[in-house]
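Examination of the molecular architecture
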Amino acid sequence: MTRVSAPETRVLVSGATGRMGRRVIEEAAARDDVRVVAGVSRDLSGEISGIPVEPAGEFGVVLAEYDPDVLVDFSVPEASREFVADCAEANVACVVGTTGFEADEFAEDEFAEGGEAALREASEQVPVLHASNFSRGIQALLRAVEGAVRDLPGYDVEITESHHRHKRDAPSGTANAILDRIESAGEFGGRVHGREGESLRESGEIGVHARRAGGIRGEHELLLANEHEELRLTHRAGSRAVFADGALDAAVWLAGRGAGRYDFSEVVAE
Ligand SMILES: NC(=O)C1=CN([C@@H]2O[C@H](COP(=O)(O)OP(=O)(O)OC[C@H]3O[C@@H](n4cnc5c(N)ncnc54)[C@H](OP(=O)(O)O)[C@@H]3O)[C@@H](O)[C@H]2O)C=CC1
Ligand SMILES: O=C(O)C1=N[C@H](C(=O)O)C[C@H](O)C1
C-alpha cells in the first residue's frame, strides 16, 4: 500500500537574519511537515543554512516567485505591517511573532474592533495568527493567571519580565498579554511601570518590571501576595527553539484555513 503523506507547508521567513528568524530556519530543517522556501532581509542577499535570502524591499516579488503558504514573521512592527499587507494581497497566511506594537494594538477587542489596521485588514482576506509568545508553557501560564487572579481577589499583583540585553521593546509582548488576562479576570486600578522616589503602592495597581541583561531567553513571573502568603507563577524559556517550533506548528495549523483572526491557544488545543 502506498502511504500518502501530508504535503509540507511552504514557509517564507521575514526577519530571517535575526535571532528568531535564524532559529525558525534551523528548526524547520529538522521537521518534515514544513519547508522554508526563502527568507527576506534588508541587508543580506545570499543564504542562511542553505535557504535563499531575498531583499525585503522586493517583498511582493519574493511572494510571487516563491509562492509560500504562510509567512512567519519575527521582525519589527513597522516592517511587519507592510509584510502582512502584501501577504493579504497575495493570498498568503500570516503567523506574526513580532512584539512591540503600540499599546493595545493587539488587544483582543482592539484587533476585532479597529486597533491594528494592518492585521485587521489582512485578516479580512487571509488567515492571520499573532502571538507574543509561541511557547506552550506560556499558554498554560495564561490560563493559570486567570484562575489565580479570580481565586485571590484583593491580592497585590506584580509582573517581572527578564530578557536579553538586545531586546528593543518593554515591557515584553508576553507581559502585556499577561496584563490583559489579569485585567479581564479582576478589578484593578492602573499599571505602574517601575517605581522610584515617593511611590507608595496603591490598592489595585499592577506593578510591571522589565529587566534586560546578558542573553536571557525570556522569563516571566507573576506575583500575587497579601500580608500572609505569596503565590509566584514563573515561566522560563530555556531556548529560542521553543518559540520557533511553536511558530512552525502555528504555520502548519494555519495553512489552508479561511480568512480571519486566529489565536495560538487554538493551535495548542489540538
Ligand atoms: N512571539 C514569540 O514567541 C517571540 C517573539 N519575539 C519577537 O520577535 C521579534 C524579533 O526578535 P529577534 O529575532 O530577537 O530580533 P532581531 O533584532 O534579532 O531580528 C529582527 C530582524 O528584523 C529585521 N528588520 C529589522 N528592521 C527591519 C525593517 N525595517 N524592515 C525589514 N526587516 C527589518 C532585521 O533583519 P535585517 O536587518 O536583515 O533586515 C532583523 O534580523 C521581536 O519583536 C521579539 O520580541 C522573539 C522571540 C519569541
Ligand atoms: O524578544 C524576545 O526575545 C522575546 N520576545 C517575546 C516577548 O516580547 O514577549 C517573547 C519571548 O519572551 C522572547
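All values derive from a computational prediction rather than experimental measurement.

Right, let's talk about the site of ligand 2 for a bit. Taken together, 13 residues form the shell around ligand 2, and within it His-163, His-164, Lys-167, Gly-173 and Thr-174 come nearest. Take His-164: an N or O atom from its side chain is 2.8 Å from an oxygen atom of ligand 2. Contact distances for ligand 2 include 2.8 Å between an oxygen atom and a side-chain N or O atom of Lys-167. Coverage of ligand 2 by the protein amounts to 87% of the 330 Å² it exposes when considered alone. With respect to the detected pockets, ligand 2 is housed in the largest pocket. Grouping the amino acids of the shell around ligand 2 by side-chain chemistry returns 1 nonpolar, 9 polar and 3 charged. There are two domains that each give the shell around ligand 2 at least three residues, and those are domain 1 (9-134 + 241-269) and domain 2 (136-236).

Before going further, it helps to examine the environment of Ser-75. By the element assignment, Ser-75 lies in the loop between strand 5 (70-73) and helix 3 (77-90). Sequence-wise, Ser-75 and Ser-14 are 61 residues apart; in three dimensions their C-alpha atoms are separated by 6.4 Å. Polar side-chain contacts of Ser-75 include one of 2.7 Å to the side chain of Asp-73.

Here we have 8 strands laid out as an open sheet, ordered 3-4-2-1-5-6-7-13, and mixed in their pairing. Both outer strands of the open sheet, strand 3 (46-48) and strand 13 (260-262), are each paired with one neighbouring strand and no more. The sheet shows a mean angle of 25° between the axes of neighbouring strands, direction not considered. Here helix 8 (residues 241-254) sits on the sheet and contacts strand 1 (9-14), strand 2 (34-41), strand 5, strand 6 (93-96), strand 7 (127-130) and strand 13; the angle it forms with strand 6, its principal contact strand, is near 160°.

As a further point, take the confidence of the model for the protein chain. Caution applies to low-pLDDT parts of the model: their predicted coordinates are not meant to be read in detail. Here the protein chain shows a mean pLDDT of 93. Residues at 70 or above account for 93%. Confidence drops under a pLDDT of 50 for residues 109-115, and excluding neighbours within four residues, the segment shows 16 contacts in the predicted structure. Model confidence for the complex is summarised by a pTM of 0.95, with the ipTM given as 0.99.

Moving on, we come to the domain arrangement of the protein chain. What the domain assignment reports for the protein chain is domain 1 (9-134 + 241-269) and domain 2 (136-236). Summarising the inter-unit geometry, the C-alpha centres of domain 1 and domain 2 are found 27 Å apart. With 15 residues of domain 1 at the interface, the matching set in domain 2 holds 13 residues. Taken over both partners, the interface formed by domain 1 and domain 2 buries close to 1,200 Å², and the fraction arising from carbon and sulfur atoms is 45%. Two residues, Glu-78 and Arg-168, come together in a salt bridge whose shortest N-O distance is 3.0 Å. Where the side of domain 1 that touches domain 2 is concerned, the elements lending two or more residues are helix 3, helix 8 and helix 9 (264-269). Of all the elements, helix 9 adds the most residues to the side of domain 1 that touches domain 2, at 3 residues. Of the residues belonging to the side of domain 1 that touches domain 2, the class tally is 7 nonpolar, 5 polar and 3 charged.

Here we take up the environment of Asp-43. In this fold, Asp-43 is placed in the loop between strand 2 and strand 3. In sequence terms Asp-43 and Thr-17 are 26 residues apart; their C-alpha atoms lie 8.9 Å from each other.

So, on to the side chain of His-130. Residue position: His-130 is located in strand 7. By relative accessible area, which is 10% here, His-130 ends up buried. Among the polar contacts made by the side chain of His-130, one reaches the main-chain carbonyl oxygen of Thr-98 at a distance of 2.9 Å.

Before going further, it helps to spend a moment on the layout of surface pockets. When its volume is computed, the largest pocket comes out at roughly 960 Å³. Taken together, 39 residues line the largest pocket, and the ones lying closest to its centre are Arg-19, Met-20, Phe-74, Ser-75 and Val-76. Among the elements of the structure, helix 1 (19-29), strand 2, helix 3 and helix 7 (173-185) are those that each provide at least two residues to the lining of the largest pocket. Class assignment of the residues belonging to the lining of the largest pocket gives a composition of 12 nonpolar, 19 polar and 8 charged. For the lining of the largest pocket, the domains that each give at least three residues are domain 1 (9-134 + 241-269) and domain 2 (136-236).

The subject of this paragraph is unusual backbone geometry. For the bond from Ala-170 to Pro-171, the omega torsion is -10°, close enough to zero to count as cis. Relative to the helices and strands, Pro-171 is located in the loop between strand 8 (156-163) and helix 7. Residues other than glycine seldom take positive phi values, yet Asp-67 does so here, at roughly 50°. With respect to the helices, strands and loops of the structure, Asp-67 is situated in the loop between helix 2 (59-66) and strand 5.

What counts, and at which threshold
Residues numbered from 1 in each chain as written. Chains lettered and ligands numbered in written order. Predicted model: local features only at pLDDT ≥ 70, side-chain atom pairs only at ≥ 80, totals over all residues. Heavy atoms only, no water. Near = heavy atom within 4 Å. Polar contact = N/O pair within 3.5 Å; in protein donor to acceptor, adjacent residues only side chain to side chain. Areas by Shrake-Rupley, 256 points an atom, 1.4 Å probe, with all protein chains shown as cover. 1 Å grid on protein atoms, 1.4 Å probe; cavity = no way out; pocket = protein on both sides within 12 Å on 5 of 7 lines; lining within 4 Å. Sits in = over half its atoms within 2 Å of the grid points. Nonpolar A, V, L, I, M, F, W, Y, C, P; charged D, E, K, R; others polar. Domains from an automatic or database assignment. Helix = DSSP H or I, 4+ residues; strand = E, 2+ residues; numbered from the N terminus. Pairing = 2+ DSSP bridges. Axes fitted to C-alpha atoms, helices over the stretch in contact; angles between N-to-C directions. Contact = heavy atoms within 4.5 Å. pLDDT = per-residue confidence, 0-100. Buried area = accessible area lost by both parts, 1.4 Å probe. Salt bridge = Lys/Arg side-chain N within 4 Å of Asp/Glu carboxyl O. Buried < 20%, exposed > 50% of the residue type's maximum accessible area, 1.4 Å probe, protein only. Points joined across faces, edges and corners; volume = space filled by probe spheres on them.

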